[in-house]
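# Report on the structure
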Amino acid sequence: MKKLTIIFCAAIALMGCNKKQPEQKINYNVDKFYDLEVLRYEVPDFESLTLKQQSLLYYLTEAALWGRDIIYDQNCRYNLRIRRAVENVYLNYTDKQDQQFLLMEKYLKRVWFSNGIHHHYSEDKFLPEFTREWFVQALQATDTQLDDEVIEVMFNPALMAKRMCQTDGMDLIANSAGNYYGEGMTQQDAENWYAQHKDTTAEPLWIGLNAQLVKDEQGNVQERVYKVGGLYSAALEKVVENLTNALQYTENDEQKLVIEKLIAYYQTGNLQTFNEYAIAWVKDLKSRVDFVNGFTEVYGDPLGITGAWESLVNFKNIEATKRTAILAENAKWFEDNSPTDPQYKKEEVKGVSAKVITAAILGGDCYPATPIGINLPNANWIRKEYGSKSVTIQNITDAYDKAAQGNGFAEEFMLNEEDIQMHNTYGSLTDNCHTDLHECLGHASGKLLPGVSKDDLKEHGSAIEEARADLFALYYIADPKMVELGILPNKDAYKTQYYGQMMNGAITQLVRIEPGKDIEEAHMRNRQLIANWALAHATHNEAAIIEKDGKHYMQINDYEGLRLLFGELLKEIQRITSEGDYDAAKQLIETYAVKVNPELHQEILARYQKLNLAPYKGFVNPVYKAYIGQDGKVVDVNISYDEGYVEQHLRYSRDYSVLPSVN
Ligand code: ZN
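The sections below set out a description of the structure shown in this document.

What counts, and where the lines are drawn
- Residues numbered from 1 in each chain as written.
- Predicted model: local features only at pLDDT ≥ 70, side-chain atom pairs only at ≥ 80, totals over all residues.
- Heavy atoms only, no water.
- 1 Å grid on protein atoms, 1.4 Å probe; cavity = no way out; pocket = protein on both sides within 12 Å on 5 of 7 lines; lining within 4 Å.
- Points joined across faces, edges and corners; volume = space filled by probe spheres on them.
- Helix = DSSP H or I, 4+ residues; strand = E, 2+ residues; numbered from the N terminus.
- Nonpolar A, V, L, I, M, F, W, Y, C, P; charged D, E, K, R; others polar.
- Axes fitted to C-alpha atoms, helices over the stretch in contact; angles between N-to-C directions.
- Parallel < 35°, antiparallel > 145°, perpendicular 65-115°, else oblique.
- Contact = heavy atoms within 4.5 Å.
- Phe/Tyr/Trp six-rings, centres within 6.5 Å; stacked < 30°, edge-to-face > 60°.
- Lys NZ or Arg CZ within 6 Å of the ring centre and 35° of its normal.
- Salt bridge = Lys/Arg side-chain N within 4 Å of Asp/Glu carboxyl O.
- Buried < 20%, exposed > 50% of the residue type's maximum accessible area, 1.4 Å probe, protein only.

## A word on the layout of surface pockets
By volume, the second largest pocket amounts to about 600 Å³. If you trace the second largest pocket, you find 24 residues lining it, with Tyr-34, Asp-35, Val-511, Leu-605 and Pro-615 closest to the centre. Considering every element that reaches the lining of the second largest pocket, the biggest residue donor is helix H23 (residues 598–611), with 4 residues. Among the residues making up the lining of the second largest pocket, the classes are represented as 12 nonpolar, 4 polar and 8 charged.

The structure is reproduced here in structure tokens:
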């Protein structure tokens, strides 16, 4: 439910609560290649943590780094072999000014950014720009072993072309390069297996969450469980070792229980233990330090069942959390007053705990590209019985804001000087506010009717769920309640959020799509669905795309009318979710969310290209050093911000890589 990625960057960072400047001179814009830019984030207030908290954080960050190889292998079974071979050539090839070598360096940077050979967002395989002939001789010159089969996967555009296939009517598993299903598995095989093993009890196990499904020689489908002693054992053993080290520095018994349960789950692969872990995690509300570590989000699996390994270690931003605490206290009011039908509302809104956090490290599927908000756990029954935790990651949004200052984007794509002014004044504040509403109230709102499952919407489930959370946020950010609660300063501030969402959803997010391609990613589909549906239903010209001097812009004529449209769509999408109405979901997505107007697309790409910006951002992590005393206890933890992108990845590959190349 996370992966709320940044939509466009505010020009001015308003949220000034934690701007303590570290002594180190920090380079925020680290690297840029293809459509990708690498930024650096700060960890403000790290120094204000106690030594015990810093020590806990340190071991959790180590546990986060040890899972890196897992996500490479989950993304495609060739990834580790390719990464290791290319890294070896990179380190040992003598002529480092060779044009072919420089092209290979760019390729390697891209592999690191995507945790593999497919674009992290579009899912398309990217091809090397260096020649196959050069590469083969470079492998020989550096004594690097790489099978022809793997070289063929790198260079042949037809092989493993898509990390995840979402094309209606195709076999979603046979046509996906992702490694959640073994060779020879079909969608039918997987669906049959899941249907046979599905847990239909009231407190179900999430069957398939932590396993690869494979076919044995007799053609029987089997699970290979991710656990110590199972698939990915070598990496998980290191994760467990560091979690065990972390145990001695826990802040309280609730937090200790969380880590103990997680260790037990990694050691056994037992999904009942995973449920106990998730419940303990939701209940741990007092600790300053918190973390996610495990097989979590299911966007990478075409069937949305198996979790990608990720980690995010963080601590509470106490000042900014006051904002989300207000929303959480009023959760019931928001649920009661939403435009959805009463039969789809939650009678009781339980434990929506929301906080603003400072990320301390990003790992696995959260690195280098990272979400700005997270809402977990994903199991609906746990959310209903025990609540969920929702976070906004403010030091990451601050880093985006810093990187975007004065980049010319708003000036190029916003219609009026007034829109730009509003954006500069309220953009950052309302972005954070939208994230809070989306994560803390949106995903947590509403209920499913008896007998309906979250899987009923199948391949459209993720996009519909994101639209539901976004619409909830959009509907309420314009509500007078936001001013009354002291979250927004006046009744007009929300307008820049409406403008930004409409502009982005219908126009500017197209910069992320290659010419001729459809929109596939769930969050992008969600945003275009909302914007294009609103435009199609704007019978009183509430909003429209207009042309001025040969360029197209979003124009909003009636903000309150637009709010009513958002409310209307929210009502319908809540109905679809509550009833599991697959046909209606499919109809909405296919009508509004997938297809791109080719002329508009071309114009937007050309305008964007002139700005020389990269549409996708990722991060380098800070470096933590722990000093250990003679009794084995941590005596000091040091943080620094000077490691480059290439250095960081080479270090991770050298120091945190224990998985075999073929798993
Ligand atoms: Zn979301």
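## Re the packing of helix H21 (residues 559–579) against helix H22 (residues 582–593)
The contact between H21 and H22 brings their axes to 9 Å, and the two run at 140°. Looking at the two axes, H21 sits oblique to H22. On the side of H21, the interface is formed by Leu-569, Glu-572, Ile-573, Arg-575 and Ile-576, while H22 contributes Ala-584, Ala-585 and Leu-588. Looking at the contact of H21 with H22 residue by residue, the classes come out as 6 nonpolar, no polar and 2 charged.

## A short note on the packing of aromatic side chains
Taken as a whole and judged by the stated rule, the model has 40 aromatic pairs. In textbook terms, an aromatic cluster arises when at least three aromatic residues are bridged by ring pairs, as seen for Tyr-90, Tyr-93, Phe-101, Tyr-107, Phe-126, Phe-130, Trp-134, Phe-135 and Phe-155. Against the face of Tyr-34 rests Arg-110, its NZ or CZ located 3.7 Å from the ring centre. Just above the ring of Tyr-475 sits the side chain of Arg-563; from NZ or CZ to the centre is 4.0 Å.

## Some details on the pattern of salt bridges
Following the criterion strictly, the structure yields 43 salt bridges and no others. Taking the shortest distance from any N to any O, the salt bridge between Lys-517 and Asp-124 comes out at 3.2 Å. A residue pair is termed long-range when its members are at least 10 positions apart, and Lys-517 in the loop between helix H19 (494–506) and helix H20 (522–536) and Asp-124 in the loop between helix H4 (99–114) and helix H5 (132–141) qualify at 393 residues. The exposure class of Lys-517 is partly exposed, given its relative accessible area of 33%. Overall, Asp-124 belongs to the buried group, its relative accessible area being 12%. A salt bridge links Lys-286 to Glu-254; its shortest N-O distance comes to 3.8 Å. Placement of the pair is Lys-286 in the loop between helix H10 (271–283) and strand E5 (289–297) and Glu-254 in helix H9 (residues 253–268), with a sequence separation of 32 residues.

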